[in-house]
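Take a look at the letters that make up each chain.
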Amino acid sequence: MKLWLIVFLLLPLAGMFYASWRLWWLLPTSAVWKVAAVALLLSGFLGMVFYLRSGVDSFSRPTAIALYEVLTSWPIVLLYLVLTFLLLDFGRLCGIVPRGWLFNSVKGTAGIALFLVALLTYGHWNYLRKVRQPMEIATKKQLQQPLKIVMLSDLHLGYHNRRAEFSRWVNLINAENPDLILIGGDIVDISVRPLTDENMAEEWHRLTAPVYACLGNHEYYANSFAARQFYKDAGIQLLIDSVVTVKGIQIVGRDDRTNSRRLPLKNLMAHCNPQAFTILLDHQPYHLEEAEQCGVDFQLSGHTHYGQVWPISWIEDLMYEKAFGTHRRGNTDYYVSSGMGIWGGKFRIGTRSEYIVLTVNNAE
């Protein structure tokens, strides 16, 4: 088993034991109800293990949707339950929080429940709210015309972001009247099945501008061959270690780093005209110096989701040179998007769902 997966399982397990212990002492109920509450936490952990190992494709579509929504929301609920208990325990040790609020307490139970419901309700609303991020680049390289480009990453279409939700995104994109649409990977979430079940390819044909995309790691998780067929049906022009010239600019699409045999960026840039404005689509924002060294003008990445919820965003700030937002190295501009969609539970706390509207003009 991979190290990251072991850590991914051990951390929730440790959190579950801590939360179970605190919940046992908090609830002002009989032992039967305390056991039921602890069993509910344990069932969430076991459900996540099942989901990671087996997925939900074998179930009927309504059941698969319900399982996905519940099982992938559980880690976020557990995270904030643990953080709440840690904060209250710290407050108790400092003499700020009365001990009676945390042991067999109606007041403590009600307060924690209301806080978590309010926080997660806000997080879900904040996820549904899509932020428009404008950008402008003035280039000395010759353009055929000023270009307006809508850029997105990490749509994660599937069991939770279904066709009706994607239709709303299409309306937002079309309202911009863009010349191009660029997508920085992870269009698919974990399976192509829910996309084909809803004939989501049909929705893509409502877009009024050409769409170019690179692969992300989730395309590999979902079966990259099935994903490629879906993109073909949807009219998405997929760039896998390839270069295309569109409306006078060059778009370079890298394969995802999940494929250890993808081509080096310098090999791809050898096919580019250094006099033309070049945009690189590279899903995971590692080794940003490569784009600068190869003379790329602009790089779009995603992947990070900026942690989806706080304080995971702080961890990602330590992991990446740039985990979210605009960045610049030498003459190369970057944008690392927190994503239009999301993996798992539909909550954004301390982060945002976004799409970028880039205008490229000639410098005066």
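Read on for a plain summary of the structure. (Residues numbered from 1 in each chain as written. Predicted model: local features only at pLDDT ≥ 70, side-chain atom pairs only at ≥ 80, totals over all residues. Heavy atoms only, no water.)

1. Observations concerning the overall build of the protein chain
If you tally the helices and strands in the protein chain, you get twelve helices and twelve strands. Whereas a compact globule of 364 residues would reach a radius of gyration of roughly 21 Å, the protein chain reaches 23 Å, a difference of no more than 12%. In terms of overall dimensions, the protein chain has a C-alpha envelope of 75 × 45 × 40 Å along the principal axes. Considering the protein chain as a whole, with its 364 residues, one finds that 53% of them fall into the buried category. Within the protein chain, contacts between residues at least 6 apart in sequence are counted, and of these 76% link residues at least 24 apart. Positive and negative side-chain charges of the protein chain, numbering 33 and 30 respectively, have mean locations separated by a distance of 6 Å. (Helix = DSSP H or I, 4+ residues; strand = E, 2+ residues; numbered from the N terminus. Rg over C-alpha atoms; globule rule 2.2 N^0.38 Å. Buried < 20%, exposed > 50% of the residue type's maximum accessible area, 1.4 Å probe, protein only. Contact = heavy atoms within 4.5 Å. Lys, Arg positive; Asp, Glu negative; His and termini not counted. Charge placed at Lys NZ, Arg CZ, Asp CG, Glu CD.)

2. Some words on the packing of aromatic side chains
Given two aromatic rings, one states the distance between the centres and the angle between the planes to describe the pair. All chains considered together, the criterion is met by 15 aromatic pairs. Measuring from ring centre to ring centre gives 6.1 Å for Y122 and W125, while their planes differ by 40°; the resulting arrangement is tilted. Pair noted here: Y122 and W125 are both in helix 4 (residues 106-128), with a separation of three residues, about one helical turn. Between the aromatic rings of W310 and W314, the centroid separation amounts to 5.2 Å while the plane-to-plane angle is 90°, which identifies the pairing as edge-to-face. A residue is classified by how much of its surface remains accessible, and W310, at 35% relative accessible area, is partly exposed. For W314, a relative accessible area of 55% puts it in the exposed group. Following the ring pairs from residue to residue traces out a cluster consisting of Y51, Y68, Y159 and W343. For R22, the ring lying beneath its charged end belongs to F103, and the centroid distance is 5.3 Å. The ring of F103 is capped by R99, whose NZ or CZ atom sits 4.1 Å from the centre of that ring. (Phe/Tyr/Trp six-rings, centres within 6.5 Å; stacked < 30°, edge-to-face > 60°. Lys NZ or Arg CZ within 6 Å of the ring centre and 35° of its normal.)

3. Describing the packing of helix 3 (residues 61-93) against helix 4
Where helix 3 meets helix 4, the axes come as close as 11 Å, and the angle between the chain directions of the two elements is 135°. Here helix 3 lies oblique to helix 4, going by the angle between them. Between helix 3 and helix 4 lies a crossing of right-handed hand. Across the interface between the two elements, I76, V77, Y80, L81, T84, F85 and L88 from helix 3 touch I112, F115, L116, L119 and L120 from helix 4. When the residues that make up the contact of helix 3 with helix 4 are grouped by side-chain class, the tally is eleven nonpolar, one polar and no charged. (Axes fitted to C-alpha atoms, helices over the stretch in contact; angles between N-to-C directions. Parallel < 35°, antiparallel > 145°, perpendicular 65-115°, else oblique. Left-handed = near helix turned anticlockwise from the far one by under 90°. Nonpolar A, V, L, I, M, F, W, Y, C, P; charged D, E, K, R; others polar.)

4. Notes on the side chain of R262
Checked against the element boundaries, R262 lands in the loop between strand 7 (249-253) and helix 10 (265-269). A polar side-chain atom of R262 sits 2.8 Å from the main-chain carbonyl oxygen of D255. At a separation of 3.1 Å, a polar atom in the side chain of R262 contacts the side chain of D282. Apart from residues no more than four positions distant in its own chain, R262 is found in contact with D241, R254, D255, D256, R257 and D282. (Polar contact = N/O pair within 3.5 Å; in protein donor to acceptor, adjacent residues only side chain to side chain.)

5. Remarks on the nonpolar core
Core analysis: the biggest nonpolar cluster contains 33 residues, and L152, L157, I183, W204 and F230 have the highest contact counts within it. Excluding anything up to four places from it in sequence, L152 contacts I173, I181, L182, I183, G184, L300, M340 and Y355. Residues A19, L27, M48 and F347 belong to the second largest nonpolar core, which totals 32 residues. (Core = buried A, V, L, I, M, F, W, Y, C linked by side-chain atoms within 4.5 Å.)

6. Regarding a nonpolar patch on the surface
Together, W21, W24, W25 and V35 line one region of the surface with nonpolar side chains, adding up to about 420 Å² of accessible area. With three residues, helix 1 (residues 3-26) is the largest single contributor of residues to the nonpolar patch. By secondary structure assignment, the location of W25 is in helix 1. (Patch = residues over 30% accessible without salt bridge, like charges linked within 9 Å, V, L, I, M, F, W, Y side chains within 5 Å. Areas by Shrake-Rupley, 256 points an atom, 1.4 Å probe, with all protein chains shown as cover. Salt bridge = Lys/Arg side-chain N within 4 Å of Asp/Glu carboxyl O.)

7. A few points about the sheet that holds strand 3 (residues 180-183)
Neighbouring strands of a sheet are bound in pairs by backbone hydrogen bonds; such pairs are parallel or else antiparallel. The strand order across the open sheet formed by six strands is 1-12-2-3-4-5, and the pairing between neighbours is mixed. Across the chains shown, the open sheet's two edge strands, defined by having one partner strand only, are strand 1 (130-139) and strand 5 (237-238). One ladder, built from three bridges, connects strand 3 with strand 4 (residues 211-213); its direction is parallel. Following the sheet pairing, L182 is matched in strand 4 by Y212. (Pairing = 2+ DSSP bridges.)

8. Concerning the packing of helix 2 (residues 31-54) against helix 3
Where helix 2 meets helix 3, the closest approach of the two axes is 9 Å, and the angle between their N-to-C directions is 130°. Of the possible angle classes, the one that applies to helix 2 and helix 3 is oblique. Considering only the axes of helix 2 and helix 3, their crossing is left-handed. Across from L41, G44, F45, G47, M48 and Y51 in helix 2, the residues of helix 3 making contact are Y68, L71, T72, W74, P75, L78 and L81. Class assignment for the residues of the contact of helix 2 with helix 3 results in ten nonpolar, three polar and no charged.

9. What to know about the pairing of strand 2 (residues 147-152)
Here strand 2 lies mainly inside the structure; five of its six residues are buried. One ladder, built from five bridges, connects strand 2 with strand 12 (residues 353-362); its direction is antiparallel. Pairing of V150 across the sheet is with V357, part of strand 12. The handedness of the strand 2 to strand 3 crossover, carried by helix 5 (residues 163-175), is right-handed. (Right-handed = clockwise from strand over helix to strand, strands pointing away.)

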